[in-house]
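Here is how the chains run, residue by residue.
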Amino acid sequence: MLGGILLEGSYLESEMNQKIPIKITWIENQEGISEPEVVIDAEDYFDFEGSMTDALIKFKKEYSNLLKKTASLKEDPKKTGQMKKIWQLGKELAKFNERVKNQFIILNQREAFSRDLGISERYIRFFMNFSKYFSLYEVINELPYGHYRIFCDNADQLKKSNLFKKEKKLLFTNFKSGKLLPREDYRIYLNKITSQTIAE
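Residues numbered from 1 in each chain as written. Predicted model: local features only at pLDDT ≥ 70, side-chain atom pairs only at ≥ 80, totals over all residues. Heavy atoms only, no water.

**Considering the overall build of the chain**
Helix and strand counts for the chain stand at eight helices and four strands. Reading the chain from its N terminus to its C terminus gives the helix and strand order β-β-β-α-α-α-β-α-α-α-α-α. Residue burial in the chain is summarised as follows: out of 200 residues, 42% are buried. In the chain, 62% of the contacts between residues at least 6 apart in sequence involve partners at least 24 apart. Carbon together with sulfur atoms contributes 49% to the accessible area of the chain, which is approximately 11600 Å² in total. (Helix = DSSP H or I, 4+ residues; strand = E, 2+ residues; numbered from the N terminus. Buried < 20%, exposed > 50% of the residue type's maximum accessible area, 1.4 Å probe, protein only. Contact = heavy atoms within 4.5 Å. Areas by Shrake-Rupley, 256 points an atom, 1.4 Å probe, with all protein chains shown as cover.)

**Section: the pairing of strand E3 (residues 34-41)**
Note: strand E2 (residues 20-28) against E3, seven bridges, orientation antiparallel. Within E3, the residue paired with Ile 22 across the bridge is Ile 40. (Pairing = 2+ DSSP bridges.)

**Re the environment of Lys 23**
Tracing the sequence through the fold places Lys 23 in strand E2. Residue Lys 23 is classed as partly exposed on the basis of its relative accessible area, which comes to 34%. Sequence spacing of Lys 23 and Ile 40 is 17 residues, and the spatial spacing of their C-alpha atoms is 6.7 Å.

**A look at unusual backbone geometry**
Phi at Asn 162 is positive, roughly 60°, even though this residue is not glycine. One can find Asn 162 in the loop between helix H6 (145-160) and helix H7 (164-176).

**Comments concerning helix H2 (residues 52-70)**
Helix length check: H2, at 19 residues, gives a terminal C-alpha distance of 27 Å against a target of 27 Å (1.5 Å per residue), a fit within 8%. Of all the positions in H2, only Met 52, Ala 55, Leu 56, Phe 59, Glu 62, Tyr 63, Leu 66, Leu 67 and Thr 70 are classed as buried. Angularly, the buried residues of H2 cover 140° about the axis, an arc narrow enough to put them on a single face. In this structure, H2 carries Lys 58, Lys 61 and Lys 68 as exposed residues pointing more than 90 degrees from its buried face. (Expected span 1.5 Å × (residues − 1). Arc of directions from axis to C-beta.)

**Describing the packing of H2 against helix H3 (residues 83-100)**
It is the contact of H2 with H3, at a shortest axis distance of 10 Å, that shows an interaxial angle of 170°. Classified by the interaxial angle, the pair formed by H2 and H3 is roughly antiparallel. Contacts between H2 and H3 involve Phe 59, Glu 62, Tyr 63, Leu 66, Lys 69 and Thr 70 on the former and, on the latter, Leu 89, Glu 92, Leu 93, Phe 96, Arg 99 and Val 100. Considering only residue class, the contact of H2 with H3 consists of seven nonpolar, one polar and four charged. (Axes fitted to C-alpha atoms, helices over the stretch in contact; angles between N-to-C directions. Parallel < 35°, antiparallel > 145°, perpendicular 65-115°, else oblique. Nonpolar A, V, L, I, M, F, W, Y, C, P; charged D, E, K, R; others polar.)

**Observations regarding the pattern of salt bridges**
Overall, the coordinates contain eight salt bridges when judged by the stated rule. Across the salt bridge formed by Glu 184 and Arg 183, the nearest N and O atoms sit 3.7 Å from each other. Taken together, the salt bridges that share partners define one network made up of Arg 183, Glu 184 and Arg 187. (Salt bridge = Lys/Arg side-chain N within 4 Å of Asp/Glu carboxyl O.)

**Section: the environment of Val 139**
Examined against the element boundaries, Val 139 turns out to sit in the loop between helix H5 (121-133) and H6. Relative accessible area serves as the criterion here: at 4%, Val 139 is assigned to the buried category. For Val 139 and Trp 87, which are 52 residues apart along the polypeptide, the C-alpha to C-alpha distance reads 8.0 Å. Sequence-distant contacts of Val 139, defined by excluding residues within four places in its chain, comprise Met 83, Lys 84, Trp 87, Phe 130, Phe 134 and Tyr 148.

**Looking at the environment of Leu 158**
Its place among the elements puts Leu 158 in helix H6. Taking the C-alpha atoms as reference points, Leu 158 and Leu 190, 32 residues apart in sequence, are found 8.2 Å from one another. Those residues within four positions of Leu 158 in sequence are excluded, and the remaining contacts are Phe 151, Leu 163, Phe 164, Glu 167, Leu 190, Ile 193 and Thr 194.

As structure tokens, this is what we get:
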């Protein structure tokens, strides 16, 4: 350990633009409480232009602030009326990534988020995609989580098929008019229309 930073032997080359691969791990402090720590390749540490120690201290501060900001936003997505909170949580995770992405690649990002937020990796993935594919003003709290998730799971294929905007609008229209398909029927529907478009 150097200055509170854990060093490892080389395990991965940095990506282009000299981004540094790191892992977020956990160690016990003097009070016996587990807290986040950063693991970095020793060679990357000494080759970094500028102060790596300062950069990592800043990263750890950003990460601690993220955990504080999201503490009040954690909700069970299956609980009715919580989708705006869930969107905000996903947005905070995405904003954190934007702030650190120019310097670091977090190799175990979802695992770290999952442990420190107490949320499954599956939900972490959905929360981030949810804030990516929907804006806050679009989110309807009462629209079921399952339908948002199925839409997000198919979002890339809908974009490739030029159906993204059309199907998003239809999702809201059907909900408001009481014509929303049951969840599994909706999954089958989206899979079908994206497969047909790709095959054409």
